[in-house]
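Tertiary structure, described
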Amino acid sequence: MFFVDTLEFEGLGNRSYLAGGPSAAVAIDPPRDIDQVLAAAARRGVRIAFVAETHVHNDYVTGGLELARVTGAEYLVPAGAHVSFARVPVADGDTVTVDEGLVLRALATPGHTPHHTSYALTDDGRGVAVFTGGSLLIGTVGRPDLVEPRLTEQLARAQHASAHRLADELDDEVPVLPTHGFGSFCSSSQAEGDATTIGRERKTNDALTQDVDTFVAELLAGLDDVPAYYAHMGPANAAGPAPVDLTPPRRADGEEIASRLAAGEWVVDLRSRMAFAEGHVAGSFNFEGEGKLATYLAWLIPWGKPVTLLAGTPGQLADAQRELARVGIDRPAAAATGDPADWVRAGERLASFPRARFADLAQVRERGEDVVVLDVRRDSERAGGFVEGSVHIPVHELYGRVGEVPDGTVWVHCAGGMRAAIAASLLDAAGRDVVAVDDGFDAATDAGLVLARPDSTG
């Protein structure tokens, strides 16, 4: 009897897996915080005998090396991956016996990276799962442009071939269990649905329904922005990440928070965008703990900049610390929780700014008020239509481009409100008058705002 447990990491849009039999298991693409995997193994009452990486990850720091050290497991890493630590190199066709009758076989599936490897699991010779990492995803494939620009087209073609290899070698009923595709920017597009099989992908995945030239052309045309912190993940994983430290950070009072802001450090408020707008430490930035915290904070912050975290509760702080450790932001410089009034020095007041809807923006424009509309969505989103007359600076570029925002009150929007809140906090910290549009972009048309498209503006 075998099992496969899925560990979901929604903030990063990834999954890890623990698969095994009655006594032993293999962990696939484990997260930095390995206690999650150890707990899953304890619940099953199994020993982690193997830890397997599908590739050197670009979007998070792996816990594989530490998990193997702690458990004594063999650490399986694709032979073609250039790493600086001892591991068991696996090549195409290599097998390991996880438990009695339960065999894991390595399948070379280059495309997401040149060395990418998938792992097919068989139970008494019957295919029961394939762990596809960043190769074949649900309805899509992992993006091929994260390694080296000159390799992108070659890797895109390799993705097509790898998808076909998996479809040719595995039965239709075999579940496809990818690491990426659930919100990660490592995916070329987002997954449709929550589960899939080889047979379903054979019918619906462009890599398996299109000829290679059409597939490659469309794949390359659809590639989106790459988070800046990805540049640091591959080297960290190749070098061998240090164990994670999730002990609580030192507590800061209003004096220390003010001192850290004055020193140019980042102070990040994890509370909801509604709470932040109502009252926050002047100069702090709002990255909601419930949003894609790790992705956007790691994308925007100058790498290595000290960060102090402000949270409503100790639990919110601990969750954020765990999430950030997964992308290499290991130790907050300091932290504070509780009442925001305690985060400022005696006699100082909290800052605030208004929130609004697209309907409010339409009314302001109808009255002829001269306001700046700032769209902080990505280029690919704006291509589908934008508020006429709006200025466009994607949120991940705004920190270095605040000076380009025209004078006047800035009404900032995104597609749903979270990124607009980040942008509003950046502008507010820079001394600008700002209104955060907390609304879905579809409401812009309903409010009567005129939408334009890039090709309609000449």
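As shown above, the structure is provided for reference.
Below, the structure is looked at part by part. (Residues numbered from 1 in each chain as written. Predicted model: local features only at pLDDT ≥ 70, side-chain atom pairs only at ≥ 80, totals over all residues. Heavy atoms only, no water.)

A separate point is the overall build of the protein chain. When you go through the protein chain residue by residue, the secondary structure sums to 16 helices and 22 strands. Taking 2.2 N^0.38 as the reference for a compact globule, 458 residues should give roughly 23 Å; the C-alpha atoms of the protein chain span a radius of gyration of 24 Å, in line with that estimate. Projected onto its principal axes, the C-alpha positions of the protein chain cover 70 × 55 × 35 Å. Residues classed as buried in the protein chain amount to 55% of the 458 residues present. Across the protein chain, the fraction of contacts at a sequence separation of at least 24, relative to all contacts at a separation of at least 6, is 68%. Summed over its atoms, the accessible surface of the protein chain is roughly 18300 Å², and 49% of this surface lies on carbon and sulfur atoms. Averaging the positions of the 39 positive and the 66 negative side-chain charges in the protein chain gives two centres separated by 3 Å. (Helix = DSSP H or I, 4+ residues; strand = E, 2+ residues; numbered from the N terminus. Rg over C-alpha atoms; globule rule 2.2 N^0.38 Å. Buried < 20%, exposed > 50% of the residue type's maximum accessible area, 1.4 Å probe, protein only. Contact = heavy atoms within 4.5 Å. Areas by Shrake-Rupley, 256 points an atom, 1.4 Å probe, with all protein chains shown as cover. Lys, Arg positive; Asp, Glu negative; His and termini not counted. Charge placed at Lys NZ, Arg CZ, Asp CG, Glu CD.)

By size, the foremost hydrophobic cluster in this structure holds 54 residues, and its most contacted members are W266, F287, L297, L374 and L398. Excluding its chain neighbours within four sequence positions, the residues that come into contact with F287 are W266, V268, D269, L270, L293, Y296, L297, L300 and I422. (Core = buried A, V, L, I, M, F, W, Y, C linked by side-chain atoms within 4.5 Å.)

Okay, the packing of helix 10 (residues 293-300) against helix 11 (residues 314-325) next. What describes two packed helices is the angle between their axes and the distance between those same axes. Two numbers describe how helix 10 lies on helix 11: the axes approach to 9 Å, and their chain directions differ by 60 degrees. Taken as axis vectors, helix 10 and helix 11 run oblique relative to one another. Seen along the crossing, helix 10 lies across helix 11 with a hand that is right-handed. Contacts from L293, A294 and L297 in helix 10 reach A320, E323 and L324 in helix 11. Residue composition of the contact of helix 10 with helix 11, by class: five nonpolar, no polar and one charged. (Axes fitted to C-alpha atoms, helices over the stretch in contact; angles between N-to-C directions. Parallel < 35°, antiparallel > 145°, perpendicular 65-115°, else oblique. Left-handed = near helix turned anticlockwise from the far one by under 90°. Nonpolar A, V, L, I, M, F, W, Y, C, P; charged D, E, K, R; others polar.)

For the largest pocket, the calculated volume is near 340 Å³. Forming the boundary of the largest pocket are 14 residues, of which G11, G289, E290, D319 and E323 lie nearest the centre. The element that contributes the greatest number of residues to the lining of the largest pocket is helix 11, accounting for five residues. Within the lining of the largest pocket, the residues separate by chemical class into three nonpolar, five polar and six charged. (1 Å grid on protein atoms, 1.4 Å probe; cavity = no way out; pocket = protein on both sides within 12 Å on 5 of 7 lines; lining within 4 Å. Points joined across faces, edges and corners; volume = space filled by probe spheres on them.)

Remark: a regular strand shows side chains that alternate across the two faces of the sheet. Counting buried residues in strand 9 (residues 117-123) gives six out of seven residues, a clear majority hidden from the surface. Sheet analysis places strand 8 (residues 102-108) next to strand 9, joined by seven bridges and oriented antiparallel. When the sheet's bridge partners are listed, L102 is paired in strand 9 with D123. Strand direction decides the pairing type here: strand 9 and strand 10 (residues 126-133), joined by five bridges, are antiparallel. Bridge assignment links L121 to a residue of strand 10, and that residue is A129. What sits between the antiparallel neighbours strand 9 and strand 10 is a turn of two residues, in which D124 has the positive phi angle 50 degrees. (Pairing = 2+ DSSP bridges.)

A sheet is described by the order of its strands in space; here five strands give the open sequence 16-21-20-17-19, paired in parallel fashion. A strand with exactly one partner marks an edge of an open sheet, and here the two such strands are strand 16 (355-356) and strand 19 (391-392). For strand 17 (residues 372-375) and strand 19, the ladder comprises two bridges, and the chain directions are parallel. From the neighbouring strand, D375 faces strand 19, where its bridge partner is H392. Together, strand 16, strand 17, strand 20 (410-413) and strand 21 (434-437) form the strand contacts of helix 12 (residues 358-366), whose direction differs from that of strand 20 by roughly 145 degrees.

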